[in-house]
Amino acid sequence: MRIKIWILSILMLSVILFYSVLPASAEISGYRVYGSCKNDKKLIALTFDDGPHPKNTPVILDILAHYGVKATFFEVGSNVEHYPEVSRRVIAEGHEIGNHTYTHPHVKNLSLAELEKEVSKCETAIKKVTGTSPVLFRPPEGVIDDAVKVMSTDREYSVIIWSVDTRDWAGTPTSVIVKNVMKNVKSGDIILMHDYVTKSCNTVAALKIIIPRLLDEGYTFVTVSRLIEEKK
Ligand SMILES: [Zn+2]
């Protein structure tokens, strides 16, 4: 009997030790994150965050339509509910919508359950309004913690960050945005811009310069899902 207790204690101790030495952020199988998607076809993706916005988004859509290029919009669920016709236009014109939470909270302050709720509510809004289910998730501010990894894996989302940051939301001058993009862009890049900002920004002015220049350089603008498909 004593030996049995002794063996049991050793076993329990081993289990405790095994779990205590696991790293805090263990690799999660199936977790996918993309900051860019290397390819040799000069494919790149424009992404617009935080919309839809009743005025800015349609102006951006007009520019994209003018040049016949596709983009990805990471939309906030509460904005989708406020401006459903804008989200419907995004999909009708062949662009992609990704999940950017329901209220755009600071992810670091959220529990896994709270994050799940944010993502689920945004997903429901996008589905209800556009009839499409998002497969891409961009965490607000690009913050990736364990909750983001677990949630995105469970819900089979690809987590999308970026490789070129235009900092358009900060009121960056048009010339600085253009210079930054033209200097740094390479095949497979994901470019971060915004269609919903609270202060004035130069997103539209910069787009009017960037798109034709990049087309001239032989780049093709595709949605992020297409960029992932073409990844080498
Ligand atoms: Zn955002």
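Residues numbered from 1 in each chain as written. Predicted model: local features only at pLDDT ≥ 70, side-chain atom pairs only at ≥ 80, totals over all residues.

1. Some details on the pairing of strand β3 (residues 72–75)
Part 1 of the argument: Of the two faces of β3, the one holding Thr72 and Phe74 and the one holding Phe73 and Glu75 are both buried throughout.
Part 2 of the argument: The pairing of strand β2 (residues 43–49) with β3 spans 3 bridges and is parallel. Paired with Thr47 across the bridge in β3 is Thr72.
Part 3 of the argument: For the segment spanning β2, helix α2 (residues 56–67) and β3, crossover handedness is right-handed.
Part 4 of the argument: The sheet contact formed by β3 and strand β4 (residues 96–99) spans 4 bridges and is parallel. Among the inter-strand pairings, Thr72 is bridged to a residue of β4, identified as Glu96. (Buried ≥ 20, exposed ≤ 12 C-beta atoms within 10 Å, placed from the backbone. Helix = DSSP H or I, 4+ residues; strand = E, 2+ residues; numbered from the N terminus. Pairing = 2+ DSSP bridges. Right-handed = clockwise from strand over helix to strand, strands pointing away.)

2. Thoughts on the packing of helix α5 (residues 112–130) against helix α6 (residues 146–154)
Part 1 of the argument: It is at 9 Å that the axes of α5 and α6 come closest, and there the two elements cross at 50 degrees. Considered as vectors, α5 and α6 are oriented oblique to each other. Handedness of the crossing formed by α5 with α6: right-handed. Contacts between α5 and α6 involve Leu112, Leu115, Glu116 and Val119 from the former and Ala147, Val148, Val150 and Met151 from the latter. (Axes fitted to C-alpha atoms, helices over the stretch in contact; angles between N-to-C directions. Parallel < 35°, antiparallel > 145°, perpendicular 65-115°, else oblique. Left-handed = near helix turned anticlockwise from the far one by under 90°. Contact = placed C-beta atoms within 7 Å.)

3. Here's the deal with the nonpolar core
Generally speaking, soluble globular proteins have nonpolar side chains that are buried together.
Part 1 of the argument: In terms of nonpolar packing, the biggest core is built from 53 residues, with Ala45, Ala71, Ile191 and Phe221 touching the most fellow members.
Part 2 of the argument: A total of 6 residues in this core trace back to one element, the largest contributor, which is α5.
Part 3 of the argument: When neighbours within four sequence positions are excluded, Phe221 is seen to be in contact with Ile44, Ala45, Leu46, Val69, Lys70 and Ala71. (Core = buried A, V, L, I, M, F, W, Y, C linked by C-beta atoms within 7 Å.)

4. Remarks on the packing of helix α7 (residues 174–184) against helix α8 (residues 203–216)
Part 1 of the argument: As a packed pair, α7 and α8 sit with axes 9 Å apart at the nearest point and diverge in direction by 30 degrees. Here α8 runs roughly parallel to α7, going by the angle between their axes. Between α7 and α8 lies a crossing of right-handed hand. For the pair α7 and α8, contact is made by Thr174, Ile177, Val178, Val181 and Met182 and by Ala205, Ala206, Ile209, Ile210 and Arg213, respectively.
Part 2 of the argument: Partitioning the contact of α7 with α8 into residue classes produces 8 nonpolar, 1 polar and 1 charged. (Nonpolar A, V, L, I, M, F, W, Y, C, P; charged D, E, K, R; others polar.)

5. Observations concerning unusual backbone geometry
Part 1 of the argument: Of note, the bond from Gly51 into Pro52 is cis; its omega dihedral lies within 30 degrees of zero at 0 degrees.
Part 2 of the argument: By the element assignment, Pro52 lies in the loop between β2 and α2.
Part 3 of the argument: For Thr101, which is not glycine, the phi torsion reads 75 degrees and is therefore positive.
Part 4 of the argument: Considering the arrangement of structural elements, one finds Thr101 in the loop between β4 and α5.
Part 5 of the argument: With 25 C-beta atoms packed within 10 Å, Thr101 lands in the buried category.

6. Considering the confidence of the model for the protein chain
Part 1 of the argument: When pLDDT is averaged along the protein chain, the result is 92, and 89% of the positions lie at 70 or above.
Part 2 of the argument: Here residues 17–25 scores under 50 on pLDDT; set against residues more than four positions off or in separate chains, the count is 1 contact. (pLDDT = per-residue confidence, 0-100.)

7. As for helix α4 (residues 84–92)
Part 1 of the argument: Considered for burial, the residues of α4 that qualify are Val86, Ser87 and Val90. Seen from one end, α4 has its buried residues packed into an arc of 100 degrees, which puts them on one side. In α4, the exposed positions angled more than 90 degrees off the buried face are occupied by Glu85 and Ala92.
Part 2 of the argument: Along its buried surface, α4 packs onto α2, β3, α3 (77–82), β4 and α5.
Part 3 of the argument: Within two residues after α4, Gly94 carries a phi angle of roughly 85 degrees, on the positive side. (Arc of directions from axis to C-beta.)

8. Some points on the environment of Ala45
Part 1 of the argument: Tracing the backbone shows Ala45 in strand β2.
Part 2 of the argument: Residue classification places Ala45 among the buried residues on the basis of 27 C-beta atoms within 10 Å.
Part 3 of the argument: Setting aside its immediate chain neighbours within four residues, Ala45 contacts Thr72, Ile190, Ile191, Phe221, Val222, Thr223, Val224 and Leu227.

9. Some thoughts on the environment of Thr223
Part 1 of the argument: With respect to the helices and strands, the residue Thr223 is situated in the loop between β9 (220–221) and α9 (224–229).
Part 2 of the argument: Along the primary structure Thr223 and Ile190 are separated by 33 residues, whereas in three dimensions their C-alpha atoms are 9.6 Å apart.
Part 3 of the argument: Setting aside chain neighbours within four positions, we find Thr223 in contact with Ala45, Lys70, Thr72, His95 and Glu96.

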